[in-house]
Amino acid sequence: MTRGPTWFNITSLVLGFSFLYLPIVLLVIYSFNASRLVTVWGGFSTQWYVALLDNDQLLDAAWVTLRVAFASACIATVIGTLAALVLVRSGRFPGRTLFSGMIFAPLVMPEVILGLSLLLLFVAMEQTRGFWTVMLAHTTFASCYVAVVVQSRLVGFDKSMEEAAEDLGCPPVKTFFLITLPIILPGVIAGWMLAFTLSLDDLVIASFTTGPGATTLPMKIYSQVRLGVTPEINAVCTILVAFVTTGVIAASIATKRQQSQREKDERAAFGAEG
Amino acid sequence: MDQEQNTAPTRRTLGGWLLIAVPYLWLLILFLAPFLIVLKISLSEVAVAIPPYLPTFDLAEGWAGFTESLSQLSFENYIWLTEDDLYWKSYLSSVVIAGISTILTLLLGYPIAYGMARSPQAWRPTLLMLVILPFWTSFLIRVYAWIGILKNEGLLNQLLLFLGVIDEPLVILNTNIAVYIGIVYSYLPFLVLPLYASLERLDGSLLEAAEDLGCPPWKAFWNVTLPLSLPGVIAGCFLVFIPAVGEFVIPDLLGGSNTLMIGKTLWVEFFNNRDWPVSSAVAVILLLILVIPIVLFQNQQQKMSEKNG
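Throughout what follows, the structure given in this document is the object of discussion. Not measured: the values here are computed from a predicted model.

Residue and element names in this part refer to chain B. The backbone of Asn174 shows a phi angle near 65 degrees, a positive value even though the residue is not glycine. Within the secondary structure, Asn174 is located in the loop between α7 (155-163) and α8 (176-200). The backbone phi angle of Arg274 is positive, close to 50 degrees, even though this residue is not glycine. Examined against the element boundaries, Arg274 turns out to sit in the loop between α12 (262-272) and α13 (276-308).

What follows is the structure, encoded as structure tokens:
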């Protein structure tokens, strides 16, 4: 399918991508609006960004969110990677079907159900709700996403290197850190980033599982949005979008560079042999 | 979805068991146990207490306490769900709204995926990146962005008034149309990605053969491309439909007061009415409704991976 693009195809791509990006672009543009009326352009201004620095509540919420996201992404990456190893490597064991069901179900489960069920668990365990409960909740659903991402990396994995290491008497844990992990690392990093942004974005599950003193940024944004569109919210959203976009693009460039480097190394190795 | 590699019957070491145990226990405690608690509370009675339901479940009482609390369970909440029309109307309208939005997403997503699969090889990684990028951006922000566009004095109305297409602003925000737009916009990448994957794999020689035999392009599309991309269409539609049924943020922010969706009903029941048993019952029924498409989706995925493998 490598014929030149037709007008129809180009039109549908342009229209499709405009639809995907225009709302975000408009949001960013209007965050620099001098007028308080969000839909009337009153000239360029960065005043709303300056105003953010004085908004302690918002800054607190942002700090809570970053801590939750960081902690839950790290734990979810460990658990998700272990789960992926189990799915791909552990063969059959009792309860395997249940296990893979529990990995895939949260991916399609409505957030309201996940949030409600976790809240009821924390209540039943008589936990005081706050930072820890939100963190545990985010870790749980994010680890399923990590498992899926890492699993796809593990499936296309050449096992001969691991087997060679084991034949040479390398203990399994050492084999994992010296051979398996470096090869699946791009998947693990992508999983961590996915877990981080999922936690950063989540409103519903956090609303159910949080307690006093642990209001996250999306909850704060949500409660303000309900009152109406304001330039401050546009500014917060712009910062979040810029933050995530930079991270994703930087990561994808880094992976691409690493990949081409490895291909070059492989070619050099084969060249030296022949 | 379930990749099994037949490793030789391994003598599992302690480490091997530990590897299985850690993620397994985590999910049992934080994913499965909560569902059982939801099921249990959906069979309890609402009470003015903390937590607001009876009987509470006390692990300290052991088995006797457990059986005693079982005997107090009742199906009253489920009966209540059938008696008040709010609930079945919410379920029905969620499924209808999700269904309509899925069809709209497909109509918009198919040309995009098709255009991507037909684009020069060099463009494809960039186009793919452009589809994935919004997926990383906050859902809440993307929904919020539409409020400023769809409002009565919003950007869309300003543009249309300026162009002279309309004389007075259209009321779009707080109607079901805004909800459709929100769902289509938020879930478009979920549909485009699997569809693109299946369109890209499509064997171009089949289309060339059709063309050589004098088949007009639209007919070749209808008879060759469309049937072959059907697995991608089905996978994409499920990925839009299933989460859309339980959606909360979109109907809450873009929909009006008469937009009924079950995710919103559950939220109101829980946070505003503080009726935990009824919201648990709502969650259980929602899950039962979603089990059907989820199982169908799993089967379809399994069939696909068998065919490819």
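Alright, that's what it looks like, and here's the rest.
All right, on to helix α4 (residues 85-118) of chain B then. Residue and element names in this part refer to chain B. The end-to-end C-alpha distance of α4, which contains 34 residues, comes to 49 Å, matching closely the 50 Å that a straight helix rising 1.5 Å per residue would cover. Within α4, the axis deviates most sharply at Gly109, by approximately 30 degrees, and proline Pro111 lies no more than four positions further along. Of the residues flanking the start of α4, the one acting as N-cap is Asp84, its side-chain oxygen 3.0 Å from the backbone nitrogen of Leu86.

Per the stated rule, a full pass over the model turns up four salt bridges over all chains. A:Arg89 is the salt-bridge partner of A:Glu162, the closest N and O atoms lying 2.8 Å from each other. Taken together, the residues span a long stretch of sequence, with A:Glu162 in helix α7 (residues 160-167) and A:Arg89 in helix α3 (residues 56-89) at a distance of 73 residues. The same class applies to A:Glu162 as to A:Arg89, namely buried. Between B:Asp85 and B:Lys89 there is a salt bridge, and its shortest N-O distance comes to 3.5 Å. In this pair, B:Asp85 and B:Lys89 are both assigned in helix α4, four residues apart and thus about one turn of the helix distant.

With 90 residues of chain A at the interface, the matching set in chain B holds 93 residues. Around 8600 Å² of area is buried between chain A and chain B when both sides are counted, 77% of it from carbon and sulfur atoms. The tally of links between chain A and chain B comes to one salt bridge. In this structure, the salt-bridge partner of A:Arg226 is B:Asp252, at a minimum N-O distance of 3.1 Å. Run the count over chain A and chain B and you get eight residue pairs in polar contact (both at pLDDT 80 or more). Broken down by element, the side of chain A that touches chain B gets its largest block of residues, 13 residues, from helix α1 (residues 7-30) of chain A. Tallied by class, the residues present in the side of chain A that touches chain B amount to 64 nonpolar, 19 polar and seven charged.

What counts as what
Residues numbered from 1 in each chain as written. Chains lettered and ligands numbered in written order. Predicted model: local features only at pLDDT ≥ 70, side-chain atom pairs only at ≥ 80, totals over all residues. Heavy atoms only, no water. Helix = DSSP H or I, 4+ residues; strand = E, 2+ residues; numbered from the N terminus. Expected span 1.5 Å × (residues − 1). Bend = angle between axes of the 7 residues up to and from the residue. Polar contact = N/O pair within 3.5 Å; in protein donor to acceptor, adjacent residues only side chain to side chain. Salt bridge = Lys/Arg side-chain N within 4 Å of Asp/Glu carboxyl O. Buried < 20%, exposed > 50% of the residue type's maximum accessible area, 1.4 Å probe, protein only. Contact = heavy atoms within 4.5 Å. Buried area = accessible area lost by both parts, 1.4 Å probe. Nonpolar A, V, L, I, M, F, W, Y, C, P; charged D, E, K, R; others polar.

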